[in-house]
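Structure at a glance
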Amino acid sequence: MKYYILFGPPGAGKGTHASAIAKKYNLKHISTGELLRAEIAAGSELGKQAKALIDAGSLVPDTVVEGMIESAFDTIKGVDGFLLDGFPRNLQQAADLDKMLAGRGESLKAVISIMISDDAIRRRIAHRAAIEGRADDANDATITNRIKTYHAQTEPLIDYYKAQGKYFECDGDNGTLEDNQARVLALVESIG
Ligand code: AMP
C-alpha cells in the first residue's frame, strides 16, 4: 500500500485536487475535516464535542482524528493506497502516524504539499464560504485562528518531513484551477 499526505494551509485546494490524484492512482482520499463534518451532521457525540473546536478554528484532540484514520486503514479495501488530507496537523499526529504505519509494516511514501500565501488563504476561503456554506469558512475570527493554528502547529511538519526526505512542494496559486491541478499531478508523477 502507498500512503501519501496531501499537505497545505486551509484553502490551498487539497480537497479540490485530491479526487484527481486519488482517481489516477487508485487511492482512497481520507479528509479528517470531512469525516468530522459528517459526524457533526449525524449529530453524534463525537460531532457535538468537535463542533465547538472546529467553529473556533482550533484543532480537535489528536486521539479523535487518529481513531478515525486507523479505522479507515482497517476497513477500507480494494485500493492501492491512501491519500490523507488534513492529517497529520501537528508534530504529535505526525509521530503517531509514523508509529501507526510502522505497526502495520508500512511507511509513508511522500508528502505532496500545495503552498499558497496567507492572502490567498483568505481569498480562497471567502470564495468557498459562498459555495459550500461551511460554518468555519464564514467567520473572520475563525479564519484568522485557522491561519494562526496552521503556522504554529502544522507548518513545523514541513521540516519534519524534509528531514525524512519525503517532502515535495508545488505552488498552488499560479494560474487557473486547471494549471494548478496539472502542477499538482505532475508533482505526484515525479515522485513515482
Ligand atoms: P479541514 O476541512 O481540513 O479544513 O478541517 C476543518 C477543521 O476540522 C479544522 O479546522 C479542525 O478544527 C478540524 N480538523 C481536521 N483535521 C484535523 C486534524 N488532523 N487534527 C485536529 N483537528 C482537525
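Refer to the structure printed above.
On a predicted model such as this, the values are computed, not experimentally measured, just so you know. Counting of residues starts from 1 at the beginning of each chain's written sequence and follows it residue by residue. Local features in this predicted model are restricted to residues of pLDDT 70 or higher, and side-chain atom pairs are both shown and tallied only at a pLDDT of 80 or more, whereas totals for entire chains, interfaces and linings draw on every residue. Excluded from the side-chain calculations are hydrogens and water; all other atoms, namely the structure's heavy atoms, are used.

With that settled, consider the packing of helix H2 (residues 32-42) against helix H3 (residues 45-56). Comment: axis = line fitted to C-alpha atoms, over the contacting stretch for helices; angle = value between 0 and 180 degrees taken between N-to-C directions. The numbering of helices and of strands both runs from the N terminus, where a helix is a DSSP run of H or I of at least 4 residues and a strand a run of E of at least 2. In the contact formed by H2 and H3, the axes pass within 8 Å of each other and the chain directions differ by 120°. By the criterion of interaxial angle, the relationship of H2 to H3 is oblique. When the axes of H2 and H3 are compared, the crossing they make is left-handed. Packed against H2, whose contacting residues are Leu36, Glu39 and Ile40, the element H3 presents Leu46, Gly47, Ala50, Lys51 and Ile54 at the interface. Under the scheme applied here, ten amino acids are nonpolar (Ala, Val, Leu, Ile, Met, Phe, Trp, Tyr, Cys and Pro), four are charged (Asp, Glu, Lys and Arg), and all others, including Gly, are polar. Here the residues of the contact of H2 with H3 sort into 5 nonpolar, 1 polar and 2 charged. Throughout this description, any angle smaller than 35 degrees is read as roughly parallel, any larger than 145 degrees as roughly antiparallel, any in the 65 to 115 degree range as roughly perpendicular, and the remainder as oblique. Handedness of a crossing is defined here by the sense of rotation of the near helix relative to the far one, left-handed for an anticlockwise turn of less than a right angle and right-handed for a clockwise turn. By definition in these notes, contact holds between two residues if any of their heavy atoms fall within 4.5 Å.

Quick look at the site of the ligand now. Being near a molecule or strand, for a residue, comes down to having at least one heavy atom within 4 Å of it. The full set close to the ligand counts 16 residues, and Thr32, Arg37, Ser58, Gly86 and Arg89 are the nearest of them. Here a polar contact means two N or O atoms within 3.5 Å. Within protein one must be a hydrogen donor candidate and the other an acceptor candidate, and residues neighboring in sequence count only if both atoms are side-chain atoms. In this structure, an oxygen atom belonging to the ligand sits 2.6 Å away from a main-chain N or O atom of serine 58. Within the side chain of glutamine 93, an N or O atom sits 2.9 Å from a nitrogen atom of the ligand. Throughout, the Shrake-Rupley method with a 1.4 Å probe supplies accessible areas, and for residues the shown protein chains are the sole cover considered. Expressed as a share of its isolated accessible area of 480 Å², the protein-covered part of the ligand is 96%. The rule is simple: put a 1 Å grid over the protein atoms alone, call a set of points where a 1.4 Å probe fits but cannot get out a cavity, call an open set with protein on both sides within 12 Å along at least five of seven lines a pocket, and count a residue as lining if it has an atom within 4 Å of a point. Being in a pocket or cavity means that more than half of the molecule's atoms lie within 2 Å of its grid points. Structurally, the ligand is housed in the largest pocket. Sorting elements by how many residues they give to the shell around the ligand places H2 first, with 4 residues. Here the residues of the shell around the ligand are counted per class, giving 6 nonpolar, 5 polar and 5 charged.

What follows is about the layout of surface pockets. Grid points are joined across faces, edges and corners, and a volume is the space filled by probe spheres set on the points. What the largest pocket holds in volume is close to 1100 Å³. Taken together, 49 residues form the lining of the largest pocket, with Pro10, Gly11, Lys14, Arg128 and Arg134 sitting closest to its centre. Listed by contribution, the elements that provide at least two residues to the lining of the largest pocket are strand E1 (2-7), helix H1 (14-25), H2, H3, helix H6 (118-132), helix H7 (140-154) and helix H9 (177-191). The residue inventory of the lining of the largest pocket, partitioned by class, reads 17 nonpolar, 19 polar and 13 charged.

Everything listed is a geometric property; what it means functionally is a separate question.
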